[in-house]
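Here are the chains, one letter per residue:
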Amino acid sequence: MCGIVAYVGNKDICPLLLEGLKRLEYRGYDSAGLCVGTKAGFYVKRAAGRISVLEAAIDDKMHGDKALVGNIGMAHTRWATHGPPTECNAHPHMDDQQRVALVHNGIIENFASLKQFLTEKGHHFSSETDTEVLAVLIGHFYQGDLAKAVQLALREVRGTYGLAAMAVSEPDTLVVARRGSPLIIGVGKDEYIVASDAAAIVEHTTQVVYLNDNEMAVIRPGGFKTMTTDDIPVTKAINEVEFSLQQIELGGYEHFMLKEIFEQPEAIANCLRGRVDLHEGRVVLGGIGAYSRDVVRARRIIITACGTAWHAGLVGEFLFEDLAKIPTEVEYASEFRYRNPIIEEGTMVLAISQSGETADTLAALREAKDRGALSLGIVNAVGSTIARETDAGIYLHVGPEIGVASTKAFCGQIVVESLLALSIARRKYMSQNVLNEFLQAIIKIPDQMRKVLEQSSSIRDVTAQYIHRENWLFLGRGYNYPVALEGALKLKEISYIHAEGLPAAEMKHGPIALINPGMPVVFVATRGSQYEKLLGNIQEVKARGGKIIAVASEGDDYIHRVADHVFTVPETIEPLQPLLTVLPLQLLAYHAAVLRNCNVDKPRNLAKSVTVE
Ligand code: F6R
């Protein structure tokens, strides 16, 4: 989604802003722009398309007062909502008197009525965006004090924003504010970098301040002040960002998605580090801390999430019911937030999110909290809004995920759910022996993942045989049913092939009608409680001419007789199988996208973190 980078300091500002925007490219965007304060006023440039187009449009030959040197500037990547991705709709937007410039993430919900009000006051507009309305509104209130004008304007606004604003007559002042859209202030030596994502900050500093909703900051070369948007001063702590620049670079891989798929053994080892005590036979989850009693006493769990995180939640439903014996439901956050959900005493809500910023998940979490639920976050991005708003939580620690298609976060989410389920189970029904067996199995997962990933080139070859097929089915049962859903989602989002994921037995209630000769059908067919039944489903597809691609257990000779292609995974206990079976499906999707010349890391229409409804 949209991205913001703003800078106050003494470095060469234009390359710095462009570099910052490139760090945010992975989040998805369709136009970009920047504003630099020069001695002769603002230099504003905007362009539809990639950042390289903006870069090419920038006239760096400007000299004298107009030279593109300055100590203050801001830049933006836009993901179109109000109006198509054109130069005119790109940010920054100036007010109609050219006094104030604004970049904005989020949505101004009452932009139409504000526009009418401003039009009646004689203002005019040159774009279709809600952001320009806010820029004009700030301009309307502006009387020489930008912070004041922003505060007055935000009082009139309904909706969400992360924003940065500059005023021509206050050349050393940057004003930033947030509600519902993240904004982080990086605090360097004599410089400040504001961004909507820490990825644009870490090459300058790892010291950051996270703004909360309804907070703002006024930043000048000598320092910054933080306050609420109602002008009440707030003191903010400086935090350390956990990840390094190296982690957000390609490191020799062709794509971030491939890098992140192959990083999974290490990412999962990091996720497990310090949490599995084999010696004592216990699970250690520091993030639950003071809430551990309430967690163990939970009588019902509601998992809320979107997309891949929702699939991980479906695996969680099995884990919490199977291991911890707690009734569990998994809810699409976008639906949950608008229902009238019943939250009884003893309900624990788990919000699962890689980014920790997904608007629907955040809103669902707030809804559940308002109704009295205990809230836990399973989040990757440290310091993100969901992580800060939950009562307690467990970070994934799988490192930053840059590829738009979520891969390592999915496995991290399942590992964390497993550990949480085990820690509850052990304090209720689970014997030490069963726990030990589970822990022994989980610590083997990173090495077992490495073995699965070795099949990447054969997965590529098989994928190539079916690359022109426009319809695929992914089927699984039990713990592997969410994996089938995830395999289908991965394929469609990055290769634009239509794919459907289903619990295998559901196939004959309708989707079996789709099967025609040669149609690729992927079965997640590892040995386990439902293996025999799944073999029956495979025969049903074969009988109709479908081509069977199976993900099966090592040493299963029979499956080679019924499937056209087999990828194998090492044996593990059934609850942990998704951590291995999902890997061939991630690789299949990746290779399909590359074979079809798709932009793997920046698939069309998608954004890494969906911060609007
Ligand atoms: C799919 C994908 C999305 C996200 C979803 C939730 O590959 O990445 O479906 O899983 O948008 O995002 P987070 O986990 O950041 O809340």
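In this report, we go over the structure that sits alongside the text. (Residues numbered from 1 in each chain as written. Predicted model: local features only at pLDDT ≥ 70, side-chain atom pairs only at ≥ 80, totals over all residues. Heavy atoms only, no water.)

Here the focus is the site of the ligand. Taken together, the neighbourhood of the ligand is formed by 14 residues, with Ser-353, Gln-354, Ser-355, Thr-358 and Glu-493 sitting nearest. Here an oxygen atom of the ligand sits 2.5 Å away from a polar atom, N or O, in the side chain of Glu-493. Taken by itself the ligand offers 410 Å² of open surface, and the protein chains cover 89% of this. The set of elements that each furnish at least two residues to the shell around the ligand consists of helix H9 (307-322) and helix H16 (481-495). Looking at the shell around the ligand residue by residue, the class counts come to five nonpolar, seven polar and two charged. Shared between two domains, the shell around the ligand holds at least three residues of each, these being domain 2 (248-443) and domain 3 (450-600). (Near = heavy atom within 4 Å. Polar contact = N/O pair within 3.5 Å; in protein donor to acceptor, adjacent residues only side chain to side chain. Areas by Shrake-Rupley, 256 points an atom, 1.4 Å probe, with all protein chains shown as cover. Helix = DSSP H or I, 4+ residues; strand = E, 2+ residues; numbered from the N terminus. Nonpolar A, V, L, I, M, F, W, Y, C, P; charged D, E, K, R; others polar. Domains from an automatic or database assignment.)

For the coordinates displayed, the defined rule picks out 26 salt bridges. The salt bridge involving Arg-366 is made with Glu-389; its shortest N-O contact spans 2.6 Å. You can see Arg-366 sitting in helix H11 (residues 359-370) and its partner Glu-389 sitting in helix H12 (residues 385-389), a full 23 residues away along the chain. Here the salt bridges do not stand alone but share partners, grouping Arg-178, Asp-213, Arg-366 and Glu-389 into one network. (Salt bridge = Lys/Arg side-chain N within 4 Å of Asp/Glu carboxyl O.)

What follows deals with helix H15 (residues 456-465). Of the positions making up H15, those classed as buried are Ser-456, Ile-459, Val-462 and Thr-463. With its buried residues spanning 125° around the axis, H15 presents them on a single face. Considering only its buried residues, H15 is in contact with helix H6 (256-262), helix H14 (432-453), strand S25 (547-553), strand S26 (565-569) and helix H19 (577-595). (Buried < 20%, exposed > 50% of the residue type's maximum accessible area, 1.4 Å probe, protein only. Arc of directions from axis to C-beta. Contact = heavy atoms within 4.5 Å.)

Adjacent strands of a sheet form backbone hydrogen bonds with each other and so pair up, either parallel or antiparallel. Overall, parallel pairing links the five strands, which are arranged S18-S17-S19-S20-S21 in an open sheet. Every interior strand has two partners, whereas the edge strands, strand S18 (328-332) and strand S21 (392-395), have only one. Sheet twist, expressed as the mean angle between neighbouring strand axes with direction ignored, is 20°. Bridge count for strand S17 (residues 300-305) against S18 is five bridges, and the pairing is parallel. Across the sheet, residue Ile-301 finds its bridge partner in S18, namely Thr-328. Relative to the sheet, H9 contacts S17, S18 and strand S19 (347-353), its axis offset from that of S18 by approximately 170°. Set on the sheet, helix H13 (residues 408-426) makes contact with S17, S19, strand S20 (374-379) and S21; between it and S19 the angle comes to about 160°. (Pairing = 2+ DSSP bridges. Axes fitted to C-alpha atoms, helices over the stretch in contact; angles between N-to-C directions.)

Moving on, we come to the sheet that holds S25. The strand order S23-S22-S24-S25-S26 describes an open sheet built from five strands, whose pairing is parallel. One side of each edge strand has no neighbouring strand; the edge strands of this open sheet are strand S23 (498-503) and S26. Going across the sheet, the axis of each strand differs from the next one's by a mean of 15°, ignoring polarity. Sitting on the sheet, H15 touches S25 and S26, and the angle it makes with S26 is about 150°. Where helix H17 (residues 531-542) meets the sheet, it contacts strand S22 (471-476), strand S24 (520-525) and S25, and its direction lies at approximately 170° from that of S24.

For the rest of this paragraph, the subject is the pairing of S26. In terms of residue burial, S26 counts as a mostly covered element, since five of its five residues are buried. One ladder, built from five bridges, connects S25 with S26; its direction is parallel. What sits directly across from Val-551, in S26, is Phe-567. Following the backbone out of S25, through helix H18 (residues 557-562) and into the adjacent parallel S26, one traces a crossover that is right-handed. (Right-handed = clockwise from strand over helix to strand, strands pointing away.)

Since the α-helix turns once every 3.6 residues, residues separated by three or four places project in the same direction. With twelve residues, H17 ought to run about 16 Å at 1.5 Å a step, and its terminal C-alpha atoms sit 17 Å apart, in line with that. Three or more residues of H17 are buried, namely Tyr-531, Leu-534, Leu-535, Asn-537, Ile-538 and Val-541. The buried residues of H17 occupy one face: seen down the axis, they fall within an arc of 160°. Seen from the open side of H17, the exposed residues pointing more than 90 degrees away from its buried face are Glu-532 and Lys-533. If you follow the buried residues of H17, they end up packed against S22, S24, S25 and H18. (Expected span 1.5 Å × (residues − 1).)

The next thing to look at is the environment of Cys-14. Inspection of the secondary structure assignment puts Cys-14 in helix H1 (residues 13-24). Taking C-alpha positions, Cys-14 is 21 Å from Gln-98, a pair spaced 84 residues apart along the chain.

Of all seven residues making up S25, six are buried, and the element is well covered by its neighbours. Inspection of the sheet shows S24 paired to S25 by six bridges, in the parallel sense. Within S25, the position partnered with Ala-525 by the bridge is Ala-552.

All right, on to empty space enclosed by the protein then. Within the structure shown, the criterion is met by four cavities of 30 Å³ or more. Considered as a void within the structure, the largest cavity measures approximately 90 Å³ in volume. Lining the largest cavity are 15 residues, and of these Arg-477, Asn-480, Thr-526, Gln-530 and Glu-574 lie nearest its centre. Contributing elements (two or more residues each) for the lining of the largest cavity: S24 and H17. For the lining of the largest cavity, a count of residues per class yields five nonpolar, seven polar and three charged. Its volume calculated, the second largest cavity comes out at about 60 Å³. As for the second largest cavity, its lining consists of Cys-2, Arg-78, Trp-79, Thr-81, His-82, His-91, His-104, Gly-106, Thr-129, Asp-130 and Thr-131. Here the residues of the lining of the second largest cavity are counted per class, giving two nonpolar, seven polar and two charged. (1 Å grid on protein atoms, 1.4 Å probe; cavity = no way out; pocket = protein on both sides within 12 Å on 5 of 7 lines; lining within 4 Å. Points joined across faces, edges and corners; volume = space filled by probe spheres on them.)

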